[in-house]
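Now for the letters of each chain:
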Amino acid sequence: MVHERAARVEPGYVELASGQVLRPDFLVLATGSRYPFPAKDWEESSEKSKDNYMRTAKELERAQHAVILGAGAVGIEMAGEILAQWPGKKVTLVDPSSDVLGGNYPEKLRTALRKMITEAGVDLRLGEGLTKLPDEPAGVVAPFTAQTTTGRTIEADLWVRCFGGAVPSEYLAGSLTGARNDSGTVRVGSDMRVEGHKTVYAVGDIADLGLPTAFLADIQAEVAAKNIRRHIGGEEEGQDAVFADPFPHLVVPFGPGKGIGWLVHQEDLLDYASVAQLGRPPARGHVHGQAGPDRGRLEPRPLSLFGNEHPSGEPAFRRWNPNSGDVTPGRHPPRWPCRGSPNRHPPLSEGEAQ
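Residues numbered from 1 in each chain as written. Predicted model: local features only at pLDDT ≥ 70, side-chain atom pairs only at ≥ 80, totals over all residues. Heavy atoms only, no water.

Undergrad: I keep staring at the pairing of strand β2 (residues 13–16) and nothing clicks. Help me out?
TA: Every other side chain in a regular strand lies on the same face of the sheet, so the side chains alternate between the two faces. What you see with β2 is a clean split: Val14 and Leu16 sit on the buried side and Tyr13 and Glu15 on the side with no burial. Judged from the four bridges that link them, strand β1 (residues 6–10) and β2 form a sheet pairing that is antiparallel. Paired with glutamate 10 across the two strands is tyrosine 13, which belongs to β2. Here β1 folds back onto β2, and the loop between the two strands holds two residues, one of which, glycine 12, carries a positive phi near 75°. Sheet topology places β2 next to strand β3 (residues 21–22); two bridges connect them, and they run antiparallel. (Buried < 20%, exposed > 50% of the residue type's maximum accessible area, 1.4 Å probe, protein only. Helix = DSSP H or I, 4+ residues; strand = E, 2+ residues; numbered from the N terminus. Pairing = 2+ DSSP bridges.)

This is the structure in structure tokens:
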């Protein structure tokens, strides 16, 4: 294991920041994405990263009015976490877009998210941005006054940036630059090989394959690993493993007890109880962490959760219909992903089922 930063990467060549050069037969690009703190922290040390988050939590506790810039999944989740920890705190969520949550998602999902946000007491400002970012540093208590693009004024004492994610791939060089998109992602085939390359693979956020989530990255990594093993063993005959998104989805938590979820093959959205169940600590050590560059994970186990029922015979999860407001029993799919985190839980015990 080499803990270093890659300065220049070409097929069969990796130059590290220290100057050391590696010459791999196969190369996998899995460098993730970059996002403004506190959504992600790029400290080299997990201890420093923990200190950063603890310091920000203390600042949020002191703040009277927090302004969140960006009403995508990250901004919505941030608002929910703040209100779950400090109920009653004044929170304003601002986005120049006309609606929450960019991307090709059904209108019923956005309607449910807006309802959840506003009912929690968040001042939701859509179609309205700031004319410029505050001069005060983000995540620190410091009173400021901001002008919006609609001519209104916002007075607050802390702001958080929840937009501007990027895929860092400037280290790519040589022929790999030809497969790089303007967004930083690289074009890959269904076998996870980088376009035009036989020995270079890409998985996770850097791979230009749909919604970037850790859930999909796990599946992509399995595909790439299987294909690399085949070719290392000289198995030129046969068909490579291919990647396919098992079910397009999105789950947006809003604190530990709320959230809205959408699955492509399910008519109704997931209700609060179902989404809250996803946020419970995984049993038997199935943990996925995302704080810091050395975010740890224990071995995940893909498990079938169909038929997971309450001792009474009722399904353990429920579904909420945002149109009628009805809550009905419902089963959940074999793997449960949250946004950006694949919390795959073992089946509930009788005492855990709800």
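Picking up where we left off.
Undergrad: I tried to follow the packing of aromatic side chains on my own but got confused; where do I start?
TA: The relation between two aromatic rings is expressed through the spacing of the ring centres and the mutual angle of the planes. As enumerated under the stated definition, the model contains two aromatic pairs in all. Here the aromatic rings of phenylalanine 37 and tyrosine 53 are separated by 4.9 Å at their centres, their planes lie at 40°, and the arrangement is tilted. Highlighted residues: phenylalanine 37 in the loop between β4 (27–29) and α1 (46–62) and tyrosine 53 in helix α1, separated in sequence by 16 residues. Phenylalanine 37 sits in the partly exposed class, given a relative accessible area of 29%. Its relative accessible area of 24% is what places tyrosine 53 among the partly exposed residues. Ring geometry for tyrosine 105 versus tryptophan 262: centroids 5.5 Å apart, planes at 85°, classification edge-to-face. You can see tyrosine 105 sitting in the loop between β6 (90–95) and α3 (107–119) and its partner tryptophan 262 sitting in strand β13 (residues 259–263), a full 157 residues away along the chain. No difference in accessibility class separates tyrosine 105 from tryptophan 262, as the two residues are buried. Sitting above the plane of the phenylalanine 163 ring, arginine 161 keeps its charged end 4.4 Å from the centroid. (Phe/Tyr/Trp six-rings, centres within 6.5 Å; stacked < 30°, edge-to-face > 60°. Lys NZ or Arg CZ within 6 Å of the ring centre and 35° of its normal.)

Undergrad: What exactly am I supposed to notice about the environment of lysine 40 here?
TA: Position of lysine 40 relative to the elements: it lies in the loop between β4 and α1. According to the relative accessible area criterion, lysine 40 is partly exposed, its value standing at 21%. Sequence spacing of lysine 40 and tyrosine 53 is 13 residues, and the spatial spacing of their C-alpha atoms is 10.0 Å. Discounting residues that sit within four places of it in the chain, lysine 40 has contacts with Ser33, Tyr35, Tyr53 and Asp205. (Contact = heavy atoms within 4.5 Å.)

Undergrad: Hey, could you run me through the sheet that holds β1 in this one?
TA: The sheet built from three strands is open, its strands ordered β1-β2-β3 with antiparallel pairing. Strands with a single pairing partner mark the edges of an open sheet, and in this sheet they are β1 and β3.

Undergrad: Just checking my understanding: could you explain the sheet that holds strand β5 (residues 65–69) for this structure?
TA: Spatially, β7-β6-β5-β10 is the arrangement adopted by the four strands of the open sheet, whose pairing is parallel. Bordering the open sheet on either side are β7 (123–126) and β10 (158–161), each of which pairs with just one other strand. The average undirected angle you get between the axes of adjacent strands in this sheet is 15°. Strand direction decides the pairing type here: β5 and β6, joined by five bridges, are parallel. Along β6, the bridge assignment pairs alanine 66 with valine 91. (Axes fitted to C-alpha atoms, helices over the stretch in contact; angles between N-to-C directions.)

Undergrad: Would you explain unusual backbone geometry in this entry?
TA: Glycine aside, negative phi is the norm for most residues, and most peptide bonds take the trans geometry. Of the consecutive residues phenylalanine 37 and proline 38, the connecting peptide bond is found in the cis state with omega at 15°. Take proline 38: it is sitting in the loop between β4 and α1. Even without a glycine there, the phi angle at leucine 101 is positive, about 60°. Among the structural elements, leucine 101 can be located in the loop between β6 and α3. Even without a glycine there, the phi angle at methionine 192 is positive, about 75°. For methionine 192, the position within the fold is in the loop between β10 and β11 (200–202).

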